[in-house]
Amino acid sequence: NTMSCSGNLIWDVRKRTIGCTDPYAVRTNYLGRREFVQRLKLEAVLSVHDGCVNTISWNDTGEYILSGSDDTNLVITNAYNRKVKTTIRSGHRANIFSAKFMPHTNDQQIVSCSGDGIIFYTHTEKSQEINRQCQFTCHYGTAYEIMTVPNDPYTFLSCGEDGTVRWFDMRMKTSCTKEDCKDDILINCRRAATSISICPLVPYYLAVGCSDSSVRIYDRRMLGTRATGNYMGRGTIGMCVRFVPAHLSTKSCRVTSLCYSEDGQEVLVSYSSDYIYLFDPKADQARELKGPSDERREELRQPPVKRLRLRGDWSDTGPRARPESERERDGEQSPNVSLMQRMSDMLSRWFEEASEAQSSRPRPQTRPRGKTAQVFFYNKAALHCISVLTCSSSTVTAPVPSSSSSMESAASSSLLSSPDTEQRSQDEVTTPPGLGRTGTAEPVLSLHYSTEGTTTTAVLKLIFHKHYSACSTFHRRSAAARIQELFRRRKERREMEESETQNIRRPSVKMMYKGHRNSRTMIKESCFWGNNFVMSGSDCGHIFIWDRHTGEHLMLLEADNHVGNCLQPHPYDPILASSGIDYDIKLWSPLEQSLSFNRVLAEEVIARNELMLEETRNTITVPASFMLRMLASLNHIRTDRVEGDRSEGSGQENEDEQ
C-alpha cells in the first residue's frame with residue numbers, strides 16, 4: 001500500500017519499529033492528508049466483552065487497550081496480536097462508564113467509575129479481595145468520567161450527576177466509604193457535570209461540561225478540597241472561561257464529550273440532541289452574551305415529551321434505521337418488530353390519547369409551578385391495552401441487546417425511585433377531580449412529566465389515584481428536598497450574577513460539525529485525529545470524520561449495528577479503536593487500495609440523521625419495569641373492582657369496562 005504523500009507507509013512504520021525514525025513521524029506525514037482517512041478499513045474485531053463497551057483507552061506505548069463494559073469487567077487487550085492480557089472482575093455493580101490507566105504505573109494501576117457512582121482503584125497484580133476494598137462511594141448518582149493527570153501517577157479527577165468534580169490523591173487514601181462525603185469536592189457546578197478534560201500541555205487547566213449547555217474551564221491552581229484545607233465552595237472560584245453556543249443559552253443540552261487539541265489551543269465539545277462545536281478558550285467574542293434568568297430559563301425549557309420509549313428499544317438506531325415520516329410514507333410493515341418496540345409504540349399511544357383527553361378537560365384556575373405535563377389514563381382504554389399487549393407479544397421471541405450504556409440508563413434509572421423524584425412539591429401534582437359514573441371513566445393513574453430538578457433527566461411519576469394516602473406520604477417526605485432545591489437554585493443564581501463581574505472569557509463558536517446523530521447515549525465521544533481531522537460516533541452506527549478547519553464531511557464508516565459511542569486514536573500508529581452498543585472493539589487502519597468514501601451514501605445518512613434527530617429531541621426513555629409495574633397495578637385495580645362489584649352486587653362498573 002502506497003499513499004500519495006512522501007514515503008511509503010509500511011516502510012516508514014518498519015523504520016520506526018527499529019528506531020530509525022521519530023515515533024511521531026508517521027502521524028506528521030500521514031494523518032494530515034484526507035487520502036489517509038478515506039482509505040480506512042476494518043482491520044480487526046476484538047470480542048472481549050459480554051455487554052456494551054462504554055469506554056476504551058490506550059496505554060502510553062499504544063500496545064494495549066483498556067476497556068470497560070456493561071458486563072462490569074475491565075479487559076486489557078494487546079492491539080497487535082489481538083490477545084487478552086488480563087480480564088478483571090472489577091467489583092462494579094453497574095455499567096462501567098470510564099476507565100483509565102494511571103500514568104507511570106507500568107499499566108498496573110487502573111481507576112474506573114460506573115453508573116452507581118462508585119469509583120474503583122484496581123491494581124492488576126493484587127487479589128480481587130484487596131482491590132474491592134479500594135473503592136470511593138463519594139458520588140451520589142452516576143459517575144460519568146475519570147480523568148488522569150499527565151505524568152501524575154498519584155491523583156485523578158471524576159465528575160458525576162451530582163454536579164461535583166472531585167479530586168482524589170492516592171497518597172492520602174485509597175478508599176472512602178463515608179456517607180455523604182464532601183472531602184474531595186474540587187468544584188460544585190450545581191448542575192450535572194457530565195464530561196471533563198485536562199489541557200495536555202498546561203494540565204492545571206480543567207474543562208468541565210455541564211448539563212446547562214455550558215463548558216466551564218477552571219484554573220486548578222486556584223482550587224482546593226476540604227481534604228487539602230482550602231476548599232472555597234463557590235462554583236465561580238477559579239473559572240476563567242465559560243462557553244455556551246448562542247442558540248443553546250436558553251436550553252439544557254447535556255455535554256457528552258470534551259476534548260482538548262494536542263496543542264491545547266482549542267476544545268471540541270459534543271452536545272446531546274445537537275451538534276459538535278469547536279472553540280478557542282483564549283477568545284472572548286461572546287462576552288456580551290448573557291444567559292437567561294432562572295425564571296426565564298424555566299419558561300424556555302424543552303416542551304413536554306411527545307413520545308415515550310422503553311429501554312431496550314433500539315429500533316431508531318443503526319445503519320438501517322429510518323425516520324418515522326419515511327416509514328409511514330413507504331407504508332413499511334415490519335412483522336418481526338421487537339417486543340420492546342411494540343411496547344414503546346403502545347406506551348406512546350397511551351400517552352398521546354390520554355394527553356388529548358386531558359387537553360379537552362377544563363383546566364384548573366391554579367397552574368402548578370414549573371414546566372410539567374400530566375397524562376391521565378382511564379379504565380376502559382388502559383385495561384383494554386393489557387389484553388392487546390398480551391396478544392401481540394406472544395409471537396415475539398427475538399432478544400434485544402443490552403441498553404445500559406445509553407442516556408436512558410441515567411434518565412430511566414431514576415424513575416419512581418430517584419431522589420430527584422422526591423424534589424417536587426405537593427402543588428405540582430394535581431389530583432384530578434372526582435368523576436361520577438355518568439358518562440366519564442374515573443382516572444386510575446396519571447403520568448406526571450417534569451423537566452425541573454438538579455439533574456437533566458426528565459422525571460415521570462406514576463401515581464395511582466386509588467391510593468391517595470400514599471401520595472400524601474410522598475408529599476410530606478418531599479418537603480425537605482424541595483427546600484434544598486430552592487436553596488440550590490438561589491445559590492446558583494447568585495454565582496452566575498457574580499460571574500458577570502469577573503474576568504471570565506466567553507468565546508463564541510469557531511466551527512460546527514454536523515451530520516451525525518447524538519441523542520440516545522450519555523457517551524458519544526468526539527475527538528481530534530492529528531491536526532486536520534475531527535471524528536464522532538453516531539446513533540446511526542457510523543463513524544463520521546470531518547475536516548477540522550472547514551467542517552467538510554470526509555469519511556463515513558459503518559462501525560456498529562446500533563450506536564457508535566467511543567473513538568480513541570492510537571498514540572502514534574495510524575490505527576483507530578472504536579466501540580459502542582455491540583459487544584466488541586473494532587480496529588481501523590488505512591488498508592483500502594483506493595479511496596472508499598461514498599459521498600452519495602453519506603448524504604443520505606446525513607439527511608436521515610437530521611430528520612431522526614428532530615423526531616427524538618422530545619423523547620424520554622423509561623425502563624421496561626415501568627410499564628410492567630403500570631400493567632400489574634392496572635390489573636390489580638381491575639381485579640379489586642371486579643371483586644368489589646361481586647360483593648356489592650352492582651353491575652355498573654362491569655358496564656364501564658366492556
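Given the structure is predicted, the values throughout are model-derived calculations rather than measurements.

(A) Representation of the overall build of the chain. Secondary structure assignment for the chain yields 13 helices and 33 strands. Taking all 658 residues of the chain together, the buried fraction comes to 58%. A fraction of 65% describes how many contacts in the chain between residues 6 or more apart in sequence connect residues 24 or more apart. Per element, the accessible surface of the chain, about 28100 Å² overall, is 49% carbon and sulfur.

(B) Representation of the state of the cysteines. Summed over the entire model, instances satisfying the criterion amount to zero disulfides. There is no disulfide at Cys138, and the cysteine sulfur nearest it, in Cys176, is 3.8 Å away. This cysteine, Cys189, is not joined by any disulfide, and Cys210 carries the nearest cysteine sulfur, 3.9 Å off.

(C) Highlighting the side chain of Asp162. Mapped onto the secondary structure, Asp162 falls in the loop between β11 (155–160) and β12 (164–169). With relative accessibility at 11%, the residue Asp162 sits in the buried group. Polar side-chain contacts of Asp162 include one of 3.1 Å to the side chain of His139. Within polar-contact distance, the side chain of Asp162 engages the side chain of Thr164 at 2.8 Å. If near-sequence neighbours (up to four positions away) are discounted, Asp162 is found in contact with Cys138, His139 and Tyr140.

(D) Layout of the pairing of strand β32 (residues 585–589). Burial analysis of β32 places five of its five residues in the buried class, which makes it a mostly covered element. Covered by surrounding structure in β32 are Ile585, Leu587 and Ser589 together with Lys586 and Trp588, the residues of both alternating faces. Summarising the sheet, strand β1 (residues 41–46) and β32 pair through five bridges and their orientation is antiparallel. Residue Leu42 lies in a different strand from β32, and its bridge partner there is Trp588. Counted along the chain from strand β31 (residues 576–580) to the antiparallel partner β32, the turn is four residues long.

(E) Seen up close, the packing of aromatic side chains. Evaluation of the coordinates by the stated rule reveals nine aromatic pairs. With 6.2 Å between their ring centres and 75° between their planes, Phe136 and Phe156 make a pair best called edge-to-face. Taken together, the residues Phe136 in strand β9 (residues 135–136) and Phe156 in strand β11 connect sequence positions 20 residues apart. Of the residues examined, Phe156 reaches a relative accessible area of 0% and is grouped as buried. Both rings, one in Tyr513 and one in Trp546, keep their centres 5.9 Å apart while their planes meet at 45°; by these two values the pair is tilted. Separated by 33 residues along the polypeptide, Tyr513 in strand β25 (residues 511–513) and Trp546 in strand β28 (residues 542–547) bring together distant segments of the chain. Site record: aromatic cluster; members linked through ring pairs are Phe136, Phe156 and Phe168. Over the face of the ring belonging to Tyr275 we find Lys514, whose NZ or CZ atom lies 4.6 Å from the ring centre. In this structure, Arg520 is placed above the aromatic ring of Trp314, and the distance from its NZ or CZ to the ring centre is 4.4 Å.

(F) Up close: the pattern of salt bridges. Under the definition given, this model contains 22 salt bridges. With a shortest N-O distance of 3.1 Å, Glu552 and Arg34 are connected by a salt bridge. One end of the pair, Glu552, is in the loop between β28 and β29 (553–558); the other, Arg34, is in helix α3 (residues 34–37), with 518 residues separating them in the sequence. Between Lys173 and Asp184 there is a salt bridge; the shortest N-O distance is 2.8 Å. Taken together, the residues span a long stretch of sequence, with Lys173 in the loop between β12 and β13 (185–188) and Asp184 in the loop between β12 and β13 at a distance of eleven residues. Lys173 sits in the partly exposed class, given a relative accessible area of 22%.

(G) Structural context of the nonpolar core. Membership of the largest hydrophobic core comes to 37 residues, with the highest contact counts inside it found for Ile65, Val165, Ile187, Leu206, Val208 and Leu587. Setting aside its immediate chain neighbours within four residues, Val165 contacts Leu157, Ser158, Cys159, Asp184, Ile185, Leu186, Ile187, Ala193, Ile196, Leu206 and Val208. By size, the runner-up hydrophobic cluster in this structure holds 33 residues, among which are Leu40, Leu268, Tyr513 and Cys540.

(H) Looking closely at the sheet that holds strand β4 (residues 73–78). Overall, antiparallel pairing links the four strands, which are arranged β2-β3-β4-β5 in an open sheet. Both outer strands of the open sheet, β2 (53–58) and β5 (84–89), are each paired with one neighbouring strand and no more. For this sheet the average axis-to-axis angle between neighbouring strands, irrespective of direction, equals 15°. Pairing geometry for strand β3 (residues 64–69) and β4, over five bridges, is antiparallel. When the bridges of β4 are listed, Leu66 appears paired with Ile76.

(I) Highlighting the sheet that holds strand β6 (residues 96–101). Pairing is antiparallel in the open sheet, where four strands are placed in the order β6-β7-β8-β9. Both outer strands of the open sheet, β6 and β9, are each paired with one neighbouring strand and no more. With five bridges joining them, strand β7 (residues 109–114) and strand β8 (residues 119–123) adopt antiparallel strand pairing. Paired with Gln109 across the bridge in β8 is His123.

What counts and what doesn't
- Residues numbered from 1 in each chain as written.
- Predicted model: local features only at pLDDT ≥ 70, side-chain atom pairs only at ≥ 80, totals over all residues.
- Heavy atoms only, no water.
- Helix = DSSP H or I, 4+ residues; strand = E, 2+ residues; numbered from the N terminus.
- Buried < 20%, exposed > 50% of the residue type's maximum accessible area, 1.4 Å probe, protein only.
- Contact = heavy atoms within 4.5 Å.
- Areas by Shrake-Rupley, 256 points an atom, 1.4 Å probe, with all protein chains shown as cover.
- Disulfide = S-S within 2.5 Å.
- Polar contact = N/O pair within 3.5 Å; in protein donor to acceptor, adjacent residues only side chain to side chain.
- Pairing = 2+ DSSP bridges.
- Phe/Tyr/Trp six-rings, centres within 6.5 Å; stacked < 30°, edge-to-face > 60°.
- Lys NZ or Arg CZ within 6 Å of the ring centre and 35° of its normal.
- Salt bridge = Lys/Arg side-chain N within 4 Å of Asp/Glu carboxyl O.
- Core = buried A, V, L, I, M, F, W, Y, C linked by side-chain atoms within 4.5 Å.
- Axes fitted to C-alpha atoms, helices over the stretch in contact; angles between N-to-C directions.

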